[in-house]
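# Breakdown of the fold
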Protein chains: 2
Amino acid sequence: MQRRITAVVVGYGHIGHSAEDALRVADDFELLGIVRRHVEESGKKSIYGTPIVSDIKELSSTPEVALLTVPSRLVPATAPQWLEKGISTVDSFDIHTDIPALRQQLDAVAKQHGATAILSAGWDPGSDSMVRTLMEAMMPKGLTYTDFGPGMSMGHSVAVKMLDGVKDALSVTIPIGTGLHRRMVYVVLEDNAKEEEVRNAILKDPYFVHDETHVTFVENVERLMDQGHAVQMSRKGVSGTTHNQLASFEMHINNPALTGQVMVAAARAALRMPHGAYTLPEVAPIDLLPGEREQWIARLC
Amino acid sequence: MQRRITAVVVGYGHIGHSAEDALRVADDFELLGIVRRHVEESGKKSIYGTPIVSDIKELSSTPEVALLTVPSRLVPATAPQWLEKGISTVDSFDIHTDIPALRQQLDAVAKQHGATAILSAGWDPGSDSMVRTLMEAMMPKGLTYTDFGPGMSMGHSVAVKMLDGVKDALSVTIPIGTGLHRRMVYVVLEDNAKEEEVRNAILKDPYFVHDETHVTFVENVERLMDQGHAVQMSRKGVSGTTHNQLASFEMHINNPALTGQVMVAAARAALRMPHGAYTLPEVAPIDLLPGEREQWIARLC
C-alpha cells in the first residue's frame, strides 16, 4: 500500500459534499477533515468520524492539499491563505474570463511558499478545457463549439432571483447548437407581482437579452430541480492540409459529482507537479490517476 | 516571431507525406529535410525545395527532432539511432501490447543522450489514449469501450494478402458496439484460386476467427480504398459515489492526416519536456500547441 495523500475539504455545499464522497472512495487519499467557516451552523462536529472544524489547528496534522469548494468569487482570497502555509490547493473557479489573472496571482504565491495550485479544475472550465486543447492540437485550423445542457444554470437562476417580484427561480440551459443556447426560465412570483412586468424584466436582463428566452410561471421550482447537466463539444477542422476532420465529445453527468471527482484527480496532480499554479490543460492526464504510470500506460495506451 | 523548431521526417509513406504537410503549415517549424533509406528509388532529390536525403550529414544542419514515420516494427531499432545523436524523436508505434517495453527502452537511451522521445503519438494509440485517461480520471469506476470504424484495417488487410490464392485484399472494420467489430473483407483472387478455399482460410485465420467476418470477391480493391476512419469511445461509470455518469468521444477523420498532425504536435511537446521517453497521456495537452501558454489558457479554459 502506498502512502496516502492527506487532504481537507474547504466549504461544504453541493461540491464540498461531492468532493468528500470522492475522497472517501479514493484509496490513495486520507481525508483529515472538513473546514467550514461556521461550524456551529451545521451543529455537527464530525461526519463518519471525520472532524468538521473551523480552523486546521483543530486537526491532528497539516494536510498536503486543500480542496477549495467555496464559491468562485471567494477563491482569489481563500487560495493564498492555504498556499502561504505550504499547502497545495485545488479549486473549481469558473469565471472563465478571470482565469489568467487568478493563475498569475496564485503562481507567485505558490512558488514563494513551495506549494502547487491547480485552478479551475471542474468540468468546464476543467476537463472540457483539456478536450478543447487536445482537439485544437489535432486540427489547428477550424471551429470548436461548446454546447451546454440540458441542465440548470446557477448564474442565470441567481440573476432572475434578484429581480423585483421574484420569490424563486430556475433557469435551465438548452443547447440549440453552434454554441448558442435557449433559456427556459421557471419563476415563482411574489404575492403582488405582475407576470408581464417580471417577464419583461427577465427578457431585458443582460443575462438573457441575447438568447431565446421563455418564461413560465410555476408554484414551486424545488420540484423541478435535478443536478444533471450535459455538454457537447465539437470541432470541424483541418489536420495538416486535410479538411473536414470531425471530432466531438459529449457528456451527461451529475454536475457536482463530476466536479468533486475532477478536483480529487487534480489534487493528485498538484502533488506531482513543480511548485506554481496550473490550469488543467497544463496537466498530463496520467497525473490525474493514482499509483504508478506503467500500469495505466499498459491499460490505456 | 519565435525561433523555429528544426525537424526532419524519416520515412516517406502515407504518414510521412502527412507529417510533411503538417510541418509545412506549422509556422513554428522548419522542415530541414526528408530522410529515406533509398533516395534513388523515388528519383527525386527534393520536394518544394526540401532536400530528400539518405543521411542527415547531407543536410545543412542537425535537426532538433525527427518524426519517425517508418513501419511500427522498425521503430525500436530506428529511434535509438536518432536519440543517440541527441535528436529527440516522435513515432506513432501502434503495437499496443509492446508500448511499455518500447517506452522503457527509449527512456534509457533518451536520458543517456540528453534527448526526449514521444512514442505511440498517433490517434490510437495517441490522442485516443489521452481521452481514455481523462475519462478514467473523471469516472474511476466503470467501463470504457473503444469502437473503431468504419475504416480500413492495415493489419487485417495484410493478413488476408498473405493467404494462398489471394492477389489483393482489403479488410474494412465496422463497429458493432461494446468494443466488438465486424470485418468486411474484399478479395481479388489469383487466377486459379477457389472462392470457398480462400473464404475458409480467412474465417480460420487468427485475425478473423473471433469476429463476425464477411468475405466478398471483387475484381479490384484499389477502387474501394479511402483513407477515412472513425472511432467512438464511451465510458459509463461512477464519479465519487454517483453512478450513471456518461461520456463519449467520437471522430471521423482522414487517418494519415490526423496521425501526421498529432506527430507534429507531439514534436513540440518533446522539446518542452525533461529528457526521457513518454506516451501521450504523460504529456500536458497545452504542450502540444505552439507559442506561449497564456494565450491558449485565455482561449480554451
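Computed from a predicted model, the values in this text were never measured in an experiment. Numbers given to residues run from 1 along each chain, matching the order in which its sequence is written. Just so you know, chain letters begin at A and ligand numbers begin at 1, following the order they were written in. With the structure being a predicted model, the display of local features is reserved for residues of pLDDT at least 70 and the display and counting of side-chain atom pairs for 80 or more, all residues being used for whole-chain, interface and lining totals. Side-chain metrics in this entry use all non-hydrogen atoms of the structure; hydrogen atoms and water are not considered.

This part is about the UniProt feature "domain: Meso-diaminopimelate D-dehydrogenase C-terminal" (unreviewed entry) in chain A. Those residues carrying the UniProt feature "domain: Meso-diaminopimelate D-dehydrogenase C-terminal" (unreviewed entry) are residues 122-177 of chain A in this numbering. With 36% helix and 39% strand, residues 122-177 of chain A has end C-alpha atoms that lie 23 Å from one another. UniProt positions are given in the numbering used here, feature names are shortened, and annotations may be inferred rather than shown by experiment. The helix and strand labels rest on DSSP assignments: H or I over at least four residues marks a helix, E over at least two residues marks a strand, and numbering proceeds from the N terminus.

Okay, the sheet that holds strand β9 (residues 151-152) of chain B next. In a beta sheet, neighbouring strands pair by backbone hydrogen bonds and run either parallel or antiparallel. Residues and elements named next belong to chain B. Pairing in this open sheet of four strands is mixed, and the strands run β9-β10-β11-β12 from one edge to the other. Only two strands of the sheet have a single neighbouring strand rather than two, namely β9 and β12 (212-217). Strands are treated as partners if at least two bridges between them are detected by DSSP. Sheet topology note: the strand β10 (residues 166-177)/strand β11 (residues 180-189) ladder contains 10 bridges and is antiparallel. Along β11, the bridge assignment pairs P175 with H181. Where helix α6 (residues 154-161) meets the sheet, its contacts fall on β9, β10 and β11, and the angle it forms with β10 comes to roughly 145°. We call two residues contacting when some pair of their heavy atoms lies within 4.5 Å. A fitted line through C-alpha atoms serves as each axis, taken over the contacting stretch for helices, and the angle formed by two N-to-C directions is quoted from 0 to 180°.

Residues and elements named next belong to chain A. If you walk across this open sheet you meet the eight strands as β3-β4-β2-β1-β5-β6-β7-β15, and the pairing is mixed. Every other strand in the sheet has two partners, leaving β3 (46-47) and β15 (276-278) as the edge strands with one partner each. Relative to strand β6 (residues 88-91), strand β5 (residues 65-68) runs parallel, the two sharing four bridges. Each residue of the ladder has a partner; that of A66, found in β6, is T89.

Here we take up the packing of helix α5 (residues 127-138) of chain A against helix α5 (residues 127-138) of chain B. The N-to-C vectors of α5(A) and α5(B) enclose an angle of 175°; their axes lie 11 Å apart at closest approach. In terms of their interaxial angle, α5(A) and α5(B) are classed as roughly antiparallel. Contacts between α5(A) and α5(B) involve S127(A), M130(A), V131(A), L134(A) and M138(A) from the first element and S127(B), M130(B), V131(B), L134(B) and M138(B) from the second. Here the residues of the contact of α5(A) with α5(B) sort into eight nonpolar, two polar and no charged. Relative orientations are named as follows: roughly parallel for angles under 35 degrees, roughly antiparallel for angles over 145 degrees, roughly perpendicular for angles from 65 to 115 degrees, and oblique for any other angle. Only Asp, Glu, Lys and Arg are considered charged in this grouping, and only Ala, Val, Leu, Ile, Met, Phe, Trp, Tyr, Cys and Pro are considered nonpolar; every other residue, Gly among them, is considered polar.

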